[in-house]
Amino acid sequence: MTAPIIRSLPELRATVAGWKKAGETVGVVPTMGALHQGHLSLVRAAKAGTDRVIVTIFVNPKQFNNPEDLENYPRTEQDDARKLAPFAVDAIYVPDGDQIYPEGFATNVSVTGVTDAMEGQHRPGHFDGVATVVTKLFLQTQADRAYFGNKDYQQLLLVQQLARDLDIPIEIIGCPTIREEDGLALSSRNLLLSDRARIIAPALNRAMTQAADQIVNGGDVAATLAAAAERVVAAGFIDVEYIELRAAASLAPLTQLTEPARLLAAANLAGVRLIDNIAVAPGT
Ligand code: PAF
């Protein structure tokens, strides 16, 4: 049976109030729809961790810095509801636009530090849009726990930071990236890849994994990353926007592997922008 779809904030509030009155905990999985196994793994974690689970589906215009990207973003609500059916989630919140940004909306939530580089630099305004909508979704759902994928690692750190800074009583749970067998990280954007681009796409993760191995084995960080970017372009990508080694906890840039790190990259392939990141631990 498909879960009830809730489109208005008053209905969401009434539903959640009933659960809270009964002493039940609430988990939220925020999404923009076009659900794939990555999202479903978050739903699975939420089902295991809380009494009630809400999946939110909202293609958030404020986090798209490119109008064409917003227009092309896949919208597959019926299909999403069908995919969620086996999980028996308690509600799918698909807010009408004015439930999130009513007329006269004038507030912006902005997190500094972890958002400054990489996605923050290449997608101006993106993280303010994410921070603003996530804050609203947390306050609207009153969830006790929220589930996010490691795939958007910078986003995960941003969300942890904002919940901490704004004293929002919610626990943020980071869940592993889910990959295709060939290593491609699952993403709603993969739906936009042509057959040819889909064959090329795993080259990004391949180059990153190889670079991580080389760095762990003492390879020079800058030279290794430059060579990895060259391999990605040679495989057929248009360009690599960034490929960087950063401290896992703070995202401070690293020129040497002196602490647990993350290798993060974004690259363009036939009009589709792909991002990925992997853990790089000293001594592994
Ligand atoms: O990761 C996403 O899908 C989005 O950035 C999120 C967290 C749902 C906010 O719109």
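Structure: see above.
This write-up is about the structure you can find in this document. (Residues numbered from 1 in each chain as written. Predicted model: local features only at pLDDT ≥ 70, side-chain atom pairs only at ≥ 80, totals over all residues. Heavy atoms only, no water.)

Overview of the overall build of the chain
1) Next: On a plain count of helices and strands, the chain comes out with 11 helices and nine strands.
2) Next: A globule of 284 residues ought to have a C-alpha radius of gyration of about 19 Å, and the chain, at 19 Å, matches this closely.
3) Next: Along the first, second and third principal axes, the C-alpha atoms of the chain reach 55 × 40 × 40 Å.
4) Next: Per-residue burial over the chain gives 52% buried out of 284 residues.
5) Next: Considering only contacts in the chain between residues 6 or more positions apart, those separated by 24 or more positions represent 72%.
6) Next: Carbon and sulfur atoms make up 51% of the accessible area of the chain, which amounts to about 13000 Å² in all.
7) Next: Taken together, the 25 basic and 33 acidic charged side chains of the chain have centroids lying 4 Å from each other. (Helix = DSSP H or I, 4+ residues; strand = E, 2+ residues; numbered from the N terminus. Rg over C-alpha atoms; globule rule 2.2 N^0.38 Å. Buried < 20%, exposed > 50% of the residue type's maximum accessible area, 1.4 Å probe, protein only. Contact = heavy atoms within 4.5 Å. Areas by Shrake-Rupley, 256 points an atom, 1.4 Å probe, with all protein chains shown as cover. Lys, Arg positive; Asp, Glu negative; His and termini not counted. Charge placed at Lys NZ, Arg CZ, Asp CG, Glu CD.)

Quick look at the site of the ligand
1) Next: Every residue near the ligand is listed here: Pro-30, Thr-31, Met-32, Gln-63, Val-133, Phe-148 and Gln-155.
2) Next: A distance of 2.7 Å separates an oxygen atom of the ligand from a polar side-chain atom of Gln-155.
3) Next: With the chains in place, 89% of the 290 Å² that the ligand exposes on its own is no longer accessible.
4) Next: When grouped by side-chain class, the residues that make up the shell around the ligand number four nonpolar, three polar and no charged. (Near = heavy atom within 4 Å. Polar contact = N/O pair within 3.5 Å; in protein donor to acceptor, adjacent residues only side chain to side chain. Nonpolar A, V, L, I, M, F, W, Y, C, P; charged D, E, K, R; others polar.)

Focus: the packing of aromatic side chains
1) Next: According to the stated counting rule, one finds four aromatic pairs in the structure shown.
2) Next: Both rings, one in Tyr-101 and one in Phe-105, keep their centres 5.1 Å apart while their planes meet at 70°; by these two values the pair is edge-to-face.
3) Next: For Tyr-101, a relative accessible area of 15% puts it in the buried group.
4) Next: When its relative accessible area of 26% is taken as the criterion, Phe-105 is described as partly exposed.
5) Next: Each member of the aromatic cluster is reached from another via a ring pair, and the members are Phe-58, Tyr-101 and Phe-105.
6) Next: The ring of Tyr-101 carries Lys-62 above its face, with NZ or CZ at 4.8 Å from the centroid. (Phe/Tyr/Trp six-rings, centres within 6.5 Å; stacked < 30°, edge-to-face > 60°. Lys NZ or Arg CZ within 6 Å of the ring centre and 35° of its normal.)

Some details on the sheet that holds strand 1 (residues 5-6)
1) Next: Spatially, 1-4-3-2-5-6 is the arrangement adopted by the six strands of the open sheet, whose pairing is parallel. Here the strands that pair on one side only, and so sit at the sheet edges, are strand 1 and strand 6 (171-175).
2) Next: When strand 2 (residues 26-31) meets strand 3 (residues 52-57), the two strands line up parallel, connected through six bridges. Opposite Val-26, over in strand 3, you have Arg-52 as the bridge partner.
3) Next: Across the sheet, helix 2 (residues 37-49) is in contact with strand 2, strand 3, strand 5 (145-149) and strand 6; its angle to strand 5 comes to roughly 155°. (Pairing = 2+ DSSP bridges. Axes fitted to C-alpha atoms, helices over the stretch in contact; angles between N-to-C directions.)

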